[in-house]
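Listed below are the residues making up each chain.
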2 protein chains.
Amino acid sequence: MDEVDSAIVHHLQKDGRLSNRALAEKLGIAPSTCLERTRLLRQRGIIEGYRAQVSLRALNRSVQAMVATQIRPLRRDVVAAFEESVTRLPEVVSVYTMAGSDDFLVHVTAQDIDHLHAFLLDQFTNRREIVGFRTSIIYQHLTNPVLDPLP
Amino acid sequence: MDEVDSAIVHHLQKDGRLSNRALAEKLGIAPSTCLERTRLLRQRGIIEGYRAQVSLRALNRSVQAMVATQIRPLRRDVVAAFEESVTRLPEVVSVYTMAGSDDFLVHVTAQDIDHLHAFLLDQFTNRREIVGFRTSIIYQHLTNPVLDPLP
DNA sequence: GCCGGAATCCGAATTTCCTTCGGTCGAAGG
DNA sequence: CCTTCGACCGAAGGAAATTCGGATTCCGGC
C-alpha cells in the first residue's frame, strides 16, 4: 500500500468507471502496471467492489429516517437474526450495530411519511425481540466522497 | 423508468464496472441500446455516479463511531457552515442532518480509540456552535447493496 | 563488492469492448 | 393509408483491456 496504490484508490473512489488507461496516465505509469495494481487492490480486499450510486429521489424514496432500536435478549443469535432480516428489507439502506443505550441505528427510506409509518408498524412494532425504537426524520444525508488512509 | 431501466440500475448497483456488453446480454438487448439507456440514466441523474467501495480496515480506520451533535443557534448559515466544514474532515464518512433532539449524526472513523478521542477533542470540543455531543461506538456497519424503486 | 532470485514494471500484440451511425420496426396520429 | 416519431438493432472503426515475454530494480546472502 504505497502512494501509487493510494492514488489508485483515491481516483476510483471519485470515479469508479475511470478507464484503466486514463488512470494510468494520471499516475504516470504504464496501463499494464496500473491494471495489475488495481487488480491486486481488488484481490487483497482493499477495493471491495464497485457500485453505481443511485438517486434515492429517482427511486421513489424521498423520505429518510434513522430508527434507534433496542432489542432483548442481547444474545448473539438474536442480534445476528435481527441484522440479517432487517438488512434484507428493501426500505433499509444500512444498519449500524452500536454500543451504548441503542443497540442499532437503522437507516430506512420510504416514498412518503405514510409509507414510513406503515413500514415501521409492519416491521418494528410486530417483532417480539424489539423492546423499543425511536424514529428520527433525516433532512439531508451528506457523504464524503474521498476516503484516504489516515496518516 | 421502465423495467429495463430498473434492471440496469439493479445490476450496476451490484457491480459498477459491469461491461456494457455483459449488461446488454443479461437484459437481452443490443449493446448499443443498453449503452444509450445507461447514458440516459446517468444524464437524468438517476445514476449519480460510480464509486469504488474501499475497506475501512485497509485504510487504517478500524474504529467507527456515531456522534450525535447539537448546535446553537439553529440558523441556516450556522447549519450550512457546520455541514460543510465537518464533511471536509477526512475522518468523517457522512453527516445526517436530523429532525429531533439531535441536530446531526456524524459518522466518523479513526485508526483506534485514542485517535478518535483526539479527533473529538480537536474538532468537536473546540467549536463554539456545538453545545453538546454524544459519541457511540459502532461495532458493525452493514449496507444493503440492492436499492430498487419502491413499488 | 558481487551474485542470484524475486518482485516490479514496461511495451507490443491480441482480444475484447465502446461508440457511432445508418437503417428497420412499430405505434400514434392525421 | 400514410407520415412521423421514437426506440431499437447491427455493422464497423477506433479505443481499451488483457496477456505475456523481457528488462529493470531491489534486496539478502556470500
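So, how was this worked out
- Residues numbered from 1 in each chain as written.
- Chains lettered and ligands numbered in written order.
- Predicted model: local features only at pLDDT ≥ 70, side-chain atom pairs only at ≥ 80, totals over all residues.
- Heavy atoms only, no water.
- Least-squares fit on C-alpha atoms with pLDDT ≥ 70 in both.
- Contact = heavy atoms within 4.5 Å.
- Buried < 20%, exposed > 50% of the residue type's maximum accessible area, 1.4 Å probe, protein only.
- Helix = DSSP H or I, 4+ residues; strand = E, 2+ residues; numbered from the N terminus.
- Pairing = 2+ DSSP bridges.
- Phe/Tyr/Trp six-rings, centres within 6.5 Å; stacked < 30°, edge-to-face > 60°.
- Lys NZ or Arg CZ within 6 Å of the ring centre and 35° of its normal.

(A) Layout of the relation of the copies chain B and chain A. Note on the copies: chain B fits chain A at an RMSD of 0.1 Å, the axial shift is 0.0 Å, and the rotation between them is 180°. Both copies are brought into coincidence by an operation consistent with a two-fold rotation axis. Looking at chain B, 100% of its interface residues are interface residues in chain A too, so the copies touch through the same face.

(B) Up close: the pairing of strand 4 (residues 104-110) of chain A. All names here are of chain A. When you tally the buried positions in strand 4, you get seven out of seven residues, the bulk of the element. With burial as the criterion, each face of strand 4 is covered, one bearing Phe-104, Val-106, Val-108 and Ala-110 and the other bearing Leu-105, His-107 and Thr-109. Of the pairings in the sheet, the one linking strand 2 (residues 63-71) to strand 4 comprises seven bridges and is antiparallel in character. Across the sheet, Gln-64 pairs through a bridge with Thr-109, a residue of strand 4. Pairing of strand 3 (residues 92-98) with strand 4 involves five bridges; the strand directions are antiparallel.

(C) Geometry of the packing of aromatic side chains. Counted by the stated rule, this structure contains six aromatic pairs over all chains. Ring-pair connections join several aromatic residues into one group, and the members of that group are Phe-119, Phe-124 and Phe-133 of chain A. Taking NZ or CZ as reference, Arg-17 of chain B lies 5.3 Å from the ring centre of Tyr-50 of chain A, over its face.

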